[in-house]
Amino acid sequence: MKDSEMQVFLSPQEDDEIDLLGIFNYLKVRWKFIFLMTVLGAVLGVLVSMWSRNVYASDILLQVDSYGNHQGRALGEMGALMDVFSPAEAEMELIQSRAIMAQVVKAQHLRFGADPISKADRFMRKEGRLDVDSLRFPYEAYEADLYPMARILDSLHYEITDNEGTKILEGAVGEIAVAQYAGDTVAVHISAILGDTNQVFILYEMPEQAAISMLQGSISVAERGKLSGVFEVSMAHRYPDKLVAILNDIGNTYVRRNVEMRSEEARKALAFLNEQLPSVRAALDSAEKRLTDFRHENSTIDTRGETQAHFQKDLTLEERLLELEQKKQEALRLFKAEHPSVRTIELQQQKLRKEIAQQNKSAKALPKIQQEVIRLQEEVEVNSGLYTGLLNKIQELSVVQAGEVGNVRIVDYASHPLKPIKPRRKMILLGFIFGSFVFACVLLLVRRMLNSGVTSNSEVEQATNIGVYGNIPLLSGRIHNDVNNPYVMKNVNSSLSEAIRALKTALEFSLDDGNKKILLVTGLTESVGKSFVSTNLAFALSAKKKILLIDLDLRRGHLLSRHEGICDVLMNKATLDSSIHHVTENFDVLSTGLKVNNPAVMLESDAFKELLEQIKMNYDLIVLDTPPVMQCSDVLILERYIDYMLCVLKHNTHNMESIKNFISTVDRGLEVPIPKAFVFNKCESSKHYGYYYGYNYSKKKK
């Protein structure tokens, strides 16, 4: 980007400040575009807010019993000390599992639905509702691009058709309607109708996995507080009653599933103990028989009193060993064999086996018969204790299985929301208004920055050695160029009139020689404001001189419409005096008159040259309003007659290359270049454009 372009928004490099005033004035001039974009944004905001459906939100609160953690139970007291994570973390993942979601999808019939098709009803927020509990539509019909549609007949009846209008069946609310269609059976069950008569809905059925994924994506699960064990399940839905039903069903299903999982653990433990019970009973019977037979053979007496302590210790060790085995089996269901919790239990078992071996070693010091009696009695006592312990454990687990309550409970059920959370229609409207306003401003500024046009007077003067005599500001709104009532005549105190007067003063110094009587005003391209500048400049010069403004844009001249002009004079269809239009005492206008097919021939004629000589005798200065140089060759023909050329440049439109091409074009056939000057037109007000006015010309002086 050129330095001249950056000057629009940036201050000189010594302070490197953004020219906020220049930006503001640039946007101010284009307020109509910004206003139009803002209005369009407001209309779009209204449409979007009306199109958006109401969305309601609610939540359900659950609590997890931290003492119910399985890992903690498996590790015992050590596990309780190591259980530092939130118990709700695992439950928050489980509640979103497919196992839970599948049951909710089935219970709430989330695979089926009905969407209203009327766009007008949606804009007016009068959409109806159908609750579809089941739908069966032939697959072959879907392949043929046919799908079911429902139309409300009244509050209790409906009609099913396909999208081509073929009637399939009529049904009633709460009943399954069945009919034959497309060589198969159509079955529909609608449980509720809310809507006006003749409202139409598209019925749909989605795969179970898609419904589960949609439900998983619509709920949000978060813990309340840190390590609190309390978590919240929230959800948003179009219908508040359906929202509450889904959330409460999620909570109830999860609690029931949690109880079933805990009961399943008790059932597995009970099955393991029942498998061990027959073998323990058989071992007890065998031990009692061997003890009885040995006593009869050796006539021994009961040594219970002497060996009670020995038996009791053995029994205690065996019971502890059995308990550790049960804990090991429970831990193996949760962890692998190399897990630290399993290894800890195995180490405890090894320690107990060493104590049992030591106890057996001490019993060998007794006499052989007494040792055998002690051994047999010990075997009976141990097996009896094991058998009794197993029976007690089985009874405990049976009670647990029957009365398991789980480690999760519902604290708060979902409540019916009073008002929707979305859409926030006022915020949508304000957002679109503000967004469109900002978008319009940014669009204008980006367009401005991407424009490669010249804006600096000094840049033009340094590149061409031709002076820039003025900067005419851009005024808001469309200004009509009226030669009968020029702008500078009716707006004496405006900034534009002041700029025209400054241009007039600069030209008067250049035209001070009395022999310079023809001033040509042209532009590089069309729509630069050339005719506006020539009209108001001619009127300003008429304050001290007698001025004639001639419209020589013979193709598109429009200074005076439906009036005799220079073409009529050259074609001898009118006189010069009758063709000149008198605006003021010193300001006259000569229009183009009749349109001609070849203006160049007329401008090269001797008649035109003689007419100019005649006019020069009656006026102090003649201002020629000509076509653009880069689009017509008329200026090159008129160069032989003129004394001075003023080229109008539209601010920030022409690049330096096109300006240099203009100079080389007009000077190409001349031995001595014609004196020239430039003037910038339609300038945005900024201190960097070289004309910044510090006065408010719109207010009349008192």
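So, a few notes on the structure that sits alongside this text.

Reading guide: rules and limits
Residues numbered from 1 in each chain as written. Predicted model: local features only at pLDDT ≥ 70, side-chain atom pairs only at ≥ 80, totals over all residues. Heavy atoms only, no water. Core = buried A, V, L, I, M, F, W, Y, C linked by side-chain atoms within 4.5 Å. Buried < 20%, exposed > 50% of the residue type's maximum accessible area, 1.4 Å probe, protein only. Helix = DSSP H or I, 4+ residues; strand = E, 2+ residues; numbered from the N terminus. Pairing = 2+ DSSP bridges. Expected span 1.5 Å × (residues − 1). Polar contact = N/O pair within 3.5 Å; in protein donor to acceptor, adjacent residues only side chain to side chain. Contact = heavy atoms within 4.5 Å. Arc of directions from axis to C-beta. Axes fitted to C-alpha atoms, helices over the stretch in contact; angles between N-to-C directions.

## Some details on the nonpolar core
By size, the foremost hydrophobic cluster in this structure holds 47 residues, and its most contacted members are Ile550, Leu552, Ile566, Phe608, Ile615, Phe662 and Phe678. Per element, the largest residue contribution to this core is 5 residues, and it comes from helix α25 (residues 656–667). The next biggest cluster of nonpolar side chains, apart from the first, holds 34 residues, and it includes Ile472, Tyr487, Ala538 and Val623.

## Observations concerning the pairing of strand β15 (residues 547–551)
Counting buried residues in β15 gives 5 out of 5 residues, a clear majority hidden from the surface. Where burial is concerned, the two faces of β15 agree: the one with Ile547, Leu549 and Asp551 and the one with Leu548 and Ile550 are both buried. Of the pairings in the sheet, the one linking β15 to strand β17 (residues 587–590) comprises 4 bridges and is parallel in character. By the bridge assignment for β17, Ile547 is matched with Phe587. Relative to strand β18 (residues 621–625), β15 runs parallel, the two sharing 5 bridges. Residue pairing in the sheet places Ile547 in a bridge with Leu621 of β18.

## Regarding the sheet that holds β17
Within the open sheet, the 8 strands sit side by side as β13-β20-β19-β14-β18-β15-β17-β16. Their pairing is mixed. Looking at the sheet topology across the chains shown, the edges are occupied by β13 (468–473) and β16 (581–582). The pairing of strand β14 (residues 518–523) with β18 spans 4 bridges and is classified as parallel. Note that in β18 the partner of Ile518 across the bridge is Ile622.

## Focus: helix α19 (residues 530–541)
Counted at 1.5 Å a residue, the expected span for α19 with its 12 residues is 16 Å, and the 16 Å between its end C-alpha atoms agrees. Considered for burial, the residues of α19 that qualify are Lys530, Ser531, Phe532, Val533, Ser534, Thr535, Asn536, Leu537, Ala538, Phe539, Ala540 and Leu541.

## Here's the deal with the side chain of Ser591
With respect to the element layout, Ser591 can be found in the loop between β17 and α22 (599–603). A polar side-chain atom of Ser591 sits 3.3 Å from the main-chain carbonyl oxygen of Glu564. With residues up to four places along the chain from it excluded, the contact list for Ser591 reads Asp551, Leu560, His563, Glu564, Gly565 and Ile566.

## Digging into unusual backbone geometry
The peptide bond linking Lys422 to Pro423 adopts the cis configuration, its omega dihedral lying at -5°. At Arg125, a position not held by glycine, the phi torsion is positive, near 55°. Inspection of the secondary structure puts Arg125 in the loop between α8 (119–123) and β3 (129–136). With phi around 60°, Asn572 is a residue other than glycine that occupies positive phi space. For Asn572, the location among the structural elements is in the loop between α20 (566–570) and α21 (576–579). The class for Asn572 is exposed, based on a relative accessible area of 72%.

## Here's the deal with helix α23 (residues 606–616)
Those residues of α23 that sit buried are Phe608, Leu611, Leu612, Ile615 and Lys616. Projected onto a plane normal to the axis of α23, the buried residues spread over an arc of 135° and lie on a single side. α23 presents Asp606 and Glu610 as exposed residues on the side facing more than 90 degrees away from its buried surface.

## Describing the pairing of strand β1 (residues 56–64)
Examined bridge by bridge, β1 and strand β11 (residues 230–237) share 8 bridges and lie antiparallel to one another. Looking at the pairing, Leu61 lines up with Glu232 of β11. In this structure, β1 lies alongside strand β12 (residues 408–412), joined through 4 bridges in antiparallel fashion. Bridge pairing links Val64 to Val408 in β12.

## So, the sheet that holds β1
Here we have 4 strands laid out as an open sheet, ordered β10-β11-β1-β12, and antiparallel in their pairing. Each end of this open sheet is capped by a strand with a single partner; those strands are β10 (219–223) and β12. Going across the sheet, the axis of each strand differs from the next one's by a mean of 30°, ignoring polarity. This element, helix α10 (residues 208–218), spans β10 and β11 of the sheet and lies at about 45° to β10.

## A word on the environment of Val29
When you line up the elements, Val29 lands in helix α2 (residues 20–29). Residues Val29 and Glu684, spaced 655 residues apart in sequence, show a C-alpha to C-alpha distance of 7.6 Å.

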